[in-house]
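Examination of the molecular architecture
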Amino acid sequence: MPNSFFNELLQQLSERGRAMLGLARDAAARGDVVELSEHLLSGRGEASGVALAKAVLDTYANAPLATRLAFLTALAERFGADPQKVEEAITAYREKPDAATLHRLHTAAEARRQELMRRLNLAPGGTAALVRMREELIEHLPNRPDLRAVDADFVHLFSSWFNRGFLVLRPIDWTTPANILEKIIRYEAVHEIHDWDDLRRRLEPPDRRCFAFFHPQLVDEPLIFVEVALTAEIPGAIAPLLAKDRKPIAAEAATTAVFYSISNTQRGLGGVSFGNFLIKQVVDDLKRDLPNLKTFVTLSPVPGFAKWLARERGSEASQALDAEAKTVLAALDEEGWHEDPATAEKVRKVLLPAAAWYFLKAKTPNGRPVDPVARFHLGNGARLERLNFLGDTSAKGLGQAHGLMVNYLYALEDIEKNHEAFAGSGEVIAAAAVRKQLKGERASRTLVPVTD
């Protein structure tokens with residue numbers, strides 16, 4: 001009798017499983033990603049769950065754009081929290097505010113799509129598929145603010161799945177597998193790698209290093225990488241570091257490690273920070289292997305400077321630029337202005353004080369520097385060390401910053417203090433030479449915050 005009952009129970013479970021998978025196959029055949037997702041959330045079996053998760057992701061990937069957007073919309077509209085369960089949990093907590101009712105409220109308030117994402121992540125290749133899904137979601141956000149809650153849930157889960165404990169730091173050199181090297185070329189976002197010879201010059205010499213973070217679920221996909229030049233001094237321009245005919249130095253002869261390019265590779269992981277961990281880990285590794293290194297510094301672009309300066313030049317109410325400065329800076333509109341020494345010197349005398357204002361005075365509405373690279377490095381505890389006039393005279397460098405580059409210094413003994421000052425009050429820690437560029441009464445003015 002007991003055996004009969006047990007066998008009957010197994011048969012019923014098996015039939016239910018086959019029925020669910022059959023319904024799922026029908027939904028997949030129709031390309032109905034939403035119905036497949038409902039089946040996935042209603043199921044409990046691990047094996048069938050993995051199969052369903054794969055079906056959802058495959059169906060989504062093969063669906064036309066309109067269907068994919070409809071699914072993202074459904075995530076916002078149909079896979080949120082259950083309002084009735086939230087109300088009941090709130091009432092229970094008010095009546096008896098203890099740990100149990102608080103947990104019930106926390107569970108009720110979680111959107112169903114978070115559990116759906118967790119189950120989708122179980123499928124083979126699920127993590128990569130979800131990163132790609134979020135990348136597509138980001139494309140829609142400017143015109144679809146209703147999808148922001150879905151995006152927030154992606155960031156919430158990715159922040160856990162891609163935390164520092166799961167990341168592996170690996171050196172990238174000329175012996176690294178070609179499929180990864182090809183991605184380094186493709187993903188380089190700061191200074192374009194033109195070809196394999198260019199890549200070799202950045203990886204093979206004894207005074208060059210490259211490091212990347214990898215995740216176990218994205219084995220051959222670097223998440224972020226940093227290129228490092230070992231030098232005898234702090235550089236003020238990028239061209240000498242990348243020159244074809246430069247003469248390498250022995251790593252043991254270097255005193256300075258220069259982080260000259262940091263590239264995030266996965267747009268779908270935007271908002272999940274890796275860079276702060278990357279720099280700190282690379283500094284530790286370099287110090288261990290090369291104790292002769294004493295200085296750790298960046299040579300960084302200033303991506304928002306030209307746009308900001310154009311706005312100030314066009315504003316009658318600009319506090320950063322007076323009429324005389326605007327007249328001098330009119331030379332920036334002339335092609336090849338930087339190639340004439342006399343013109344370049346006139347511009348330098350005006351542009352560097354404007355740059356100091358940009359970094360020290362111009363703020364976003366929440367009181368942070370307007371430059372995104374500045375926010376990143378200052379938030380990591382670096383100091384704004386030096387402004388480099390015509391540090392990058394490439395077309396990109398002139399276009400985004402009129403050639404301006406900056407050095408951020410990572411003084412190991414001051415990193416924590418600098419970080420606290422910036423995080424607590426938004427204070428920009430800068431070297432005296434930078435602050436001296438703000439002259440006279442302008443140094444005491446405060447610029448009206450800008451929104452971009």
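Structure's up top.
These notes cover the structure that comes with them. (Residues numbered from 1 in each chain as written. Predicted model: local features only at pLDDT ≥ 70, side-chain atom pairs only at ≥ 80, totals over all residues. Heavy atoms only, no water.)

A look at the packing of aromatic side chains
Applying the stated rule across the entire model yields 10 aromatic pairs. Between F158 and W161 the ring centres are 5.8 Å apart and the planes differ by 55°, which places this aromatic pair in the tilted class. A residue pair is termed a helical-turn pair when its members lie 3 or 4 positions apart in one helix, as F158 and W161 do in helix α9 (residues 148-161) at 3 residues. In this structure F158 comes out as buried when scored by relative accessible area, which is 1%. Summarising the aromatic geometry, the rings of F158 and F162 are spaced 5.9 Å apart at their centres and angled 85° between planes, so their arrangement reads as edge-to-face. Judged by relative accessible area, which is 2%, F162 ranks as buried. An aromatic cluster is present here, built from F154, F158, W161 and F162 joined pairwise through their rings. When the ring centre of F214 is taken as origin, the NZ or CZ atom of R170, which lies over that ring, is 4.1 Å away. (Phe/Tyr/Trp six-rings, centres within 6.5 Å; stacked < 30°, edge-to-face > 60°. Helix = DSSP H or I, 4+ residues; strand = E, 2+ residues; numbered from the N terminus. Buried < 20%, exposed > 50% of the residue type's maximum accessible area, 1.4 Å probe, protein only. Lys NZ or Arg CZ within 6 Å of the ring centre and 35° of its normal.)

Some remarks on the environment of R164
Mapping R164 onto the fold places it in the loop between α9 and β1 (168-171). Residue R164 is classed as partly exposed on the basis of its relative accessible area of 25%. A polar contact of 2.9 Å, which involves the side chain of R164, links it to the side chain of Q281. (Polar contact = N/O pair within 3.5 Å; in protein donor to acceptor, adjacent residues only side chain to side chain.)

Some details on the packing of helix α10 (residues 178-187) against helix α11 (residues 196-203)
Running from amino to carboxyl end, α10 crosses α11 at an angle of 95°, the nearest separation of the two axes being 11 Å. Between α10 and α11, the crossing angle belongs to the class labelled roughly perpendicular. On the side of α10, the interface is formed by A178, L181, E182, I184 and I185, while α11 contributes W196, L199 and L203. Per-class residue counts for the contact of α10 with α11 are 7 nonpolar, no polar and 1 charged. (Axes fitted to C-alpha atoms, helices over the stretch in contact; angles between N-to-C directions. Parallel < 35°, antiparallel > 145°, perpendicular 65-115°, else oblique. Contact = heavy atoms within 4.5 Å. Nonpolar A, V, L, I, M, F, W, Y, C, P; charged D, E, K, R; others polar.)

Some points on the pairing of strand β4 (residues 256-264)
Within β4, 7 of the 9 residues are buried, which leaves the element mostly enclosed by the surrounding structure. By the bridge criterion, 8 bridges tie strand β3 (residues 224-231) to β4 in an arrangement that is antiparallel. Across the sheet, residue I224 finds its bridge partner in β4, namely N264. As judged from the 4 bridges shared by β4 and strand β5 (residues 295-298), these two strands associate in the parallel manner. Bridging from a neighbouring strand, V258 pairs with V297 of β5. (Pairing = 2+ DSSP bridges.)

Topic: the pattern of salt bridges
The tally for this structure, following the rule as stated, stands at 27 salt bridges. Between R113 and D153 there is a salt bridge, with its nearest N and O atoms 2.6 Å apart. Here D153 lies in helix α9 and R113 lies in helix α7 (residues 112-120), a separation of 40 residues in the sequence. D153 carries the same exposure label as R113, and that label is buried. (Salt bridge = Lys/Arg side-chain N within 4 Å of Asp/Glu carboxyl O.)

Side note on unusual backbone geometry
Residues other than glycine seldom take positive phi values, yet L390 does so here, at roughly 55°. Inspection of the secondary structure assignment puts L390 in the loop between β7 (383-388) and α18 (395-401).

Thoughts on the side chain of R134
Here R134 shows up in helix α8 (residues 126-140). The exposure class assigned to R134 is buried, which follows from its relative accessible area of 4%. Side-chain polar atoms of R134 contact the backbone oxygen of G268, separated by 3.1 Å. Beyond its immediate sequence surroundings of up to four residues, R134 is in contact with D151, F154, V155, F158, R267, G268, L269 and G270.

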